[in-house]
Amino acid sequence: MKESDNFFDKVYKVARLIPFGKVTSYGAIATYLGAARSARMVGWAMNKAHNLDDVPAHRVVNRKGLLTGKHHFDGTNLMQQLLESEGIVVIENQIQNLEKVFWNPTDELS
């Protein structure tokens, strides 16, 4: 297994733990995994997760709450619809009240 595949598996393991109605960021996952400068690699992992039904990639956004990965989902607004179905308010591709719905794996899993 390649190193990147192993990292991706670690990312997916953390993403599976994000609670319903919560979101986290690429950077928060990277920091939790001890690779704080690897937020972009977490994004790549999420982009590849669209075929993995058990990985809630829609719950991973950028640090400002923007739905930067939305174009990797089938349908124009699927990422937003999935988040809204969990009670998260999204306006103009940005999560509202991010601090209230943000889940930090370092705080929750350490």
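(A) Molecular detail of unusual backbone geometry. Here the phi dihedral of Asn93 falls at roughly 65°; this positive angle occurs in a residue that is not glycine. Mapped onto the elements, Asn93 comes out in the loop between β3 (90-91) and β4 (94-95). You will see that Asn97, though not glycine, has its phi angle at about 55°, which is positive. Among the secondary structure elements, Asn97 is positioned in the loop between β4 and α5 (98-101).

(B) Highlighting the pattern of salt bridges. A full pass over the atoms with the stated rule returns two salt bridges. We note a salt bridge from Arg16 to Asp54, for which the minimum N-O separation is 2.7 Å. Taken together, the residues Arg16 in the loop between α1 (3-15) and β1 (24-25) and Asp54 in the loop between α3 (39-48) and β2 (60-61) connect sequence positions 38 residues apart. A residue is classified by how much of its surface remains accessible, and Arg16, at 37% relative accessible area, is partly exposed. Glu86 is the partner of Arg59 in a salt bridge, and the nearest nitrogen-oxygen pair spans 2.9 Å. Of this pair, Arg59 sits in the loop between α3 and β2 while Glu86 sits in the loop between α4 (78-85) and β3; the two residues are 27 residues apart in sequence, bridging distant segments of the chain. Judged by its relative accessible area of 10%, Arg59 is buried.

(C) Structural detail: α4. Listing the buried residues of α4 in full gives Met79, Gln80 and Leu83. Here the buried residues of α4 occupy an arc of 95° about the axis, which is enough to place them on one side. Looking at the packing, one finds that the buried side of α4 touches β2, β3 and β4. At the C-terminal side of α4, Gly87 shows a positive phi close to 90°.

(D) Region of the structure containing the layout of surface pockets. Quantified by volume, the largest pocket comes out at close to 330 Å³. Contributing to the lining of the largest pocket are 20 residues, with Ala49, His50, Val55, Ala57 and Phe73 lying nearest its centre. For the lining of the largest pocket, the secondary-structure elements that each account for two or more residues are α3 and α4. For the lining of the largest pocket, the element with the highest residue contribution is α4, accounting for three residues.

Conventions adopted
- Residues numbered from 1 in each chain as written.
- Predicted model: local features only at pLDDT ≥ 70, side-chain atom pairs only at ≥ 80, totals over all residues.
- Heavy atoms only, no water.
- Helix = DSSP H or I, 4+ residues; strand = E, 2+ residues; numbered from the N terminus.
- Salt bridge = Lys/Arg side-chain N within 4 Å of Asp/Glu carboxyl O.
- Buried < 20%, exposed > 50% of the residue type's maximum accessible area, 1.4 Å probe, protein only.
- Arc of directions from axis to C-beta.
- Contact = heavy atoms within 4.5 Å.
- 1 Å grid on protein atoms, 1.4 Å probe; cavity = no way out; pocket = protein on both sides within 12 Å on 5 of 7 lines; lining within 4 Å.
- Points joined across faces, edges and corners; volume = space filled by probe spheres on them.

The analysis is restricted to geometry; functional conclusions fall outside its scope.
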